[in-house]
Amino acid sequence: MAKTFYCKDFGGSCNWKGRAETVEELLKKISKHGAIKHNMKGMTEVMKSKIISVIREQ
Ligand SMILES: [Zn+2]
């Protein structure tokens with residue numbers, strides 16, 4: 001089963017979603033998206049665990 005992350009699950013109105021086979025791979029995509037679209041500078045451990053908590057198995 002793939003891992004899916006919906007940006008809107010993390011608050012805001014962004015419709016981006018990321019999919020990957022592993023959490024690690026997905027986190028990389030999310031951090032790239034965050035840097036480009038949300039001016040996110042790096043990912044803290046707290047942020048990472050919040051993101052992981054909203055990742056869905058789909
Ligand atoms: Zn987004």
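The structure under discussion appears in the preceding block.
Residues numbered from 1 in each chain as written. Predicted model: local features only at pLDDT ≥ 70, side-chain atom pairs only at ≥ 80, totals over all residues.

Engineer: Hey, could you run me through the overall build of the protein chain in this one?
Structural biologist: Looking only at helices and strands, the protein chain has two helices and three strands in total. For the protein chain, the N- to C-terminal ordering of α and β elements is β-β-α-α-β. Relative to its length of 58 residues, the protein chain is compact, with a C-alpha radius of gyration of 10 Å against a globular reference of 10 Å. Overall size of the protein chain, expressed as C-alpha extent along the three principal axes, is 30 × 25 × 15 Å. Looking at the protein chain residue by residue over its 58 residues, the buried ones come to 14%. Put simply, 36% of the contacts in the protein chain that link residues at least 6 apart link residues at least 24 apart. (Helix = DSSP H or I, 4+ residues; strand = E, 2+ residues; numbered from the N terminus. Rg over C-alpha atoms; globule rule 2.2 N^0.38 Å. Buried ≥ 20, exposed ≤ 12 C-beta atoms within 10 Å, placed from the backbone. Contact = placed C-beta atoms within 7 Å.)

Engineer: Explanation requested: helix H1 (residues 23–37) in the structure shown.
Structural biologist: Residue pairs spaced three or four apart in an α-helix point in one direction, given the helix's 3.6 residues per turn. The end-to-end C-alpha distance of H1 is 20 Å, a good match for the 21 Å that 15 residues give at a rise of 1.5 Å each. Of all the positions in H1, only Leu 26, Ile 30 and Gly 34 are classed as buried. End-on, the buried residues of H1 take up no more than an arc of 75°, which puts them together on one face. Within H1, the exposed residues directed more than 90 degrees away from the buried face are Glu 24, Lys 32 and Ile 36. On the buried face of H1, the contacting elements are strand S1 (3–6), strand S2 (17–20) and helix H2 (45–54). Note on H1: the residue one or two positions beyond its end, Asn 39, has a positive phi of about 55°. (Expected span 1.5 Å × (residues − 1). Arc of directions from axis to C-beta.)

Engineer: Got a minute to help me understand the sheet that holds S1 in this structure?
Structural biologist: Hydrogen bonding along the main chain pairs the strands of a sheet, whether they run parallel or antiparallel. Taking strand neighbours across the sheet as the criterion, the three strands line up as S2-S1-S3 in an open arrangement whose pairing is antiparallel. With partners counted over all chains shown, the strands left at the sheet margins are S2 and strand S3 (56–57), one partner each. Taken together, the two bridges between S1 and S3 define a ladder with antiparallel strand orientation. Looking at S3, one finds that Thr 4 is bridged to Arg 56. Relative to the sheet, H1 contacts S1 and S2, its axis offset from that of S2 by approximately 150°. (Pairing = 2+ DSSP bridges. Axes fitted to C-alpha atoms, helices over the stretch in contact; angles between N-to-C directions.)

Engineer: Sorry, what's going on with the environment of Glu 25 here?
Structural biologist: Tracing the sequence through the fold places Glu 25 in helix H1. Sequence separation of Glu 25 and Lys 3 is 22 residues, and the distance between their C-alpha atoms is 9.3 Å.

Engineer: Can you help me understand unusual backbone geometry in this one?
Structural biologist: Generally, phi is negative for residues other than glycine and the peptide bonds are trans, each holding for most cases. Although it is not a glycine, Asn 39 sits at a positive phi angle of roughly 55°. Locating Asn 39 in the fold gives a position in the loop between H1 and H2. Of the residues examined, Asn 39 has 7 C-beta atoms within 10 Å and is grouped as exposed.

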